[in-house]
Amino acid sequence: MAGGGVIGVGGGGRKPYPGNLTPYVTITCIVAAMGGLIFGYDIGISGGVTTMTPFLQKFFRKVWEKKEADKSTNQYCQYDSQTLTMFTSSLYLAALLSSLVASTVTRRLGRKLSMLFGGLLFFAGALINGFAKAVWMLIVGRMLLGFGVGFANQSVPLYLSEMAPYKYRGALNIGFQLSITVGILIANVLNYFFAKIKGGWGWRLSLGGAMVPALIITVGSLVLPDTPNSMIERGQTEEARAKLKKIRGVDDVDEEFKDLVAASDASKLVHHPWTNLLQRKYRPHLTMAILIPFFQQLTGINVIMFYAPVLFNTIGFGDDASLMSAVITGIVNVGATLVSIYGVDKWGRRFLFLEGGVQMLICQAVVAACIGAKFGVSGNPGDLPKWYAITVVLFICIYVAGFAWSWGPLGWLVPSEIFPLEIRSAAQSVNVSVNMIFTFAVAQVFLSMLCHLKFGLFLFFAFFVVVMSIFVYYFLPETKGIPIEEMNQVWRSHWYWSRFVEEADYPNGGMEMSKGNHGPKNV
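Residues numbered from 1 in each chain as written. Predicted model: local features only at pLDDT ≥ 70, side-chain atom pairs only at ≥ 80, totals over all residues. Heavy atoms only, no water.

**Observations concerning the environment of phenylalanine 131**
In this structure, phenylalanine 131 sits in the loop between α6 (111-130) and α7 (135-163). Residue phenylalanine 131 is classed as exposed on the basis of its relative accessible area, which comes to 56%. Apart from the residues lying within four places of it in its own chain, the contact partners of phenylalanine 131 are Met137 and Arg204. (Helix = DSSP H or I, 4+ residues; strand = E, 2+ residues; numbered from the N terminus. Buried < 20%, exposed > 50% of the residue type's maximum accessible area, 1.4 Å probe, protein only. Contact = heavy atoms within 4.5 Å.)

As structure tokens, this is what we get:
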């Protein structure tokens with residue numbers, strides 16, 4: 001792969017830790033990955049309830065009046081309301097704030113406790129939203145949901161990367177993204193049926209239903225074991241050795257345990273991990289912690305997932321049809337994530353990143369052309385033929401599939417596996433914070449951008465897909481099959497990042513890097 005430093009697979013330079021994919025670690029990772037349900041459920045539910053007429057009439061009456069007043073008005077602008085977008089995006093502002101606190105909790109008290117806090121906060125937010133009587137209650141509930149998401153997104157990817165054997169780390173870590181996609185799908189299906197409840201109170205079930213995934217992560221956090229990395233970090237050395245043997249299913253864990261202890265000793269010398277992130281040798285890690293989540297949000301996926309029902313309604317589908325279209329994209333999302341679980345440790349991270357980028361780019365161009373041809377700049381499409389609707393849904397589904405086996409899961413996997421222990425919690429907090437900043441920004445401005453950019457909005461996101469694919473091609477090394485505590489060595493073989501790191505920076509790495517893989521010409 002271009003620009004990717006590759007660990008030599010031949011000879012004695014590599015340190016393959018013994019270990020199996022035991023039922024114990026498999027079940028543990030599945031339970032932990034369910035932390036993604038709360039994030040996914042919220043993404044799917046918020047877009048659906050904002051198309052339910054009783055919900056709009058109660059909380060966002062001006063939006064409902066604008067939507068109903070004149071069916072011939074500009075379809076691009078019918079949902080343009082800053083109050084409505086604040087309902088959706090306030091969660092991500094709260095998640096940004098909580099991720100900063102979650103970093104300290106995750107580092108000092110362990111990954112499990114951070115998950116527990118996430119589940120409890122999310123449960124409280126769901127309860128308030130389900131019984132909301134006014135907009136302020138919706139916003140407070142969303143903020144609590146956001147605090148919960150911040151804690152879960154901080155701790156779950158780290159937990160999975162630390163528990164999984166390095167040969168299966170990609171597949172097990174992507175279980176988090178799979179849970180997100182399952183949460184989105186469940187939310188879309190529930191929205192479709194709850195919208196049909198007579199009396200117009202189905203939206204309360206949609207919002208209050210978030211208590212169920214909140215309970216799952218709360219209970220799960222109480223029964224899960226802690227990771228050996230976290231136990232060593234908190235001084236529980238012998239317990240960590242015993243836990244590592246149980247996780248790996250073998251008695252010979254000395255090599256891996258020694259590296260975990262060495263990494264922990266190095267991390268204890270770091271008293272200020274936030275400022276430590278700014279050191280030159282961590283330049284590659286900090287760059288990835290910022291740019292990967294930044295690019296993930298500018299693929300445009302949250303435009304589709306937050307507002308899928310709104311989007312389909314805007315381009316001419318009825319309320320029922322728009323909710324069903326969102327269900328269809330949700331099914332595609334889950335199926336494509338399973339493809340990523342199958343292929344990430346076979347094909348590698350870079351291949352999926354690049355293939356997904358090309359696929360998303362083509363689909364965004366086609367969708368922009370379809371919408372532009374029928375809606376133009378006036379936003380009044382007239383009668384929409386059936387083939388047009390099918391074409392738009394088809395290419396949006398292909399776009400969702402491209403994201404779901406590339407930037408969706410890998411945007412969480414790659415950052416969580418590249419950080420050394422001494423900066424891991426702080427760097428993951430940066431990763432979550434950047435993700436939430438731009439999730440918030442995109443959610444807040446999307447409806448206004450749709451109103452002003454019209455079909456050009458899809459070309460706006462297509463431009464960033466081109467930029468991020470170029471970035472991956474030249475600057476992201478392959479991390480497939482490399483033990484997490486050995487990960488720092490990949491930067492030393494990279495054509496660009498090698499100038500920032502030196503052998504003395506990682507004395508416990510112990511890996512030989514393959515020769516001749518320093519330039520972007522290597523594929």
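**What to know about a nonpolar patch on the surface**
Residues Ile30, Met34, Val212 and Ile216 make up a contiguous nonpolar surface patch of roughly 310 Å² in combined accessible area. Here valine 212 lies in helix α10 (residues 211-223). A relative accessible area of 52% means that valine 212 is categorised as exposed. (Patch = residues over 30% accessible without salt bridge, like charges linked within 9 Å, V, L, I, M, F, W, Y side chains within 5 Å. Areas by Shrake-Rupley, 256 points an atom, 1.4 Å probe, with all protein chains shown as cover. Salt bridge = Lys/Arg side-chain N within 4 Å of Asp/Glu carboxyl O.)

**Here we look at the nonpolar core**
By size, the foremost hydrophobic cluster in this structure holds 62 residues, and its most contacted members are Met288, Trp407 and Leu410. For this core, the secondary-structure elements that each account for two or more residues are α15 (283-297), α17 (319-347), α18 (349-375), α19 (386-404), α20 (407-418), α21 (424-453) and α22 (456-475). A per-element tally of this core places α18 first, with nine residues. In contact with leucine 410, other than residues within four places in its own chain, are Ile174, Val344, Arg349, Leu352, Phe353 and Pro415. Counting residues in hydrophobic clusters, the runner-up holds 52 residues, among them Ile43, Ala132, Leu145 and Leu160. (Core = buried A, V, L, I, M, F, W, Y, C linked by side-chain atoms within 4.5 Å.)

**Brief notes about the packing of aromatic side chains**
Any aromatic ring pair is given by two values, namely how distant the centres are and how the planes are angled relative to each other. Overall, the coordinates contain 27 aromatic pairs when judged by the stated rule. Aromatic pair phenylalanine 475 and tryptophan 495: ring centres 5.7 Å apart, planes at 35 degrees, arrangement tilted. Taken as a pair, phenylalanine 475 in helix α22 and tryptophan 495 in the segment after α22 lie far apart in primary sequence, 20 residues in all. Between the NZ or CZ atom of lysine 196 and the centre of the ring of tyrosine 192, over which it lies, the distance is 4.7 Å. (Phe/Tyr/Trp six-rings, centres within 6.5 Å; stacked < 30°, edge-to-face > 60°. Lys NZ or Arg CZ within 6 Å of the ring centre and 35° of its normal.)

**Details of the packing of helix α1 (residues 23-33) against α7**
For the pair α1 and α7, interaxial distance at closest approach is 10 Å and the crossing angle is 170 degrees. The pairing of α1 with α7 is recorded here as roughly antiparallel in orientation. Of α7, the residues touching α1 (which contributes Val25, Thr28, Cys29, Ala32 and Ala33) are Val156, Tyr159, Leu160 and Met163. (Axes fitted to C-alpha atoms, helices over the stretch in contact; angles between N-to-C directions. Parallel < 35°, antiparallel > 145°, perpendicular 65-115°, else oblique.)

**Some details on the pattern of salt bridges**
Summed over all chains, the structure comprises eight salt bridges. The salt bridge involving arginine 142 is made with aspartate 42; its shortest N-O contact spans 2.4 Å. Of the two residues, arginine 142 sits in helix α7 while aspartate 42 sits in helix α2 (residues 36-49), which places them 100 residues apart along the sequence. By relative accessible area, which is 2% here, aspartate 42 ends up buried.

**Section: α6**
What sets the pattern is the α-helix's 3.6 residues per turn: residues three or four places apart point alike. Along its 20 residues, α6 runs 29 Å from first to last C-alpha, staying within 8% of the 28 Å computed at 1.5 Å per residue. Here α6 has its buried residues at Arg111, Ser114, Met115, Leu116, Gly118, Gly119, Phe122, Gly125, Ala126, Asn129 and Gly130. (Expected span 1.5 Å × (residues − 1).)

Purely geometric stuff here, so don't read any function into it on its own.
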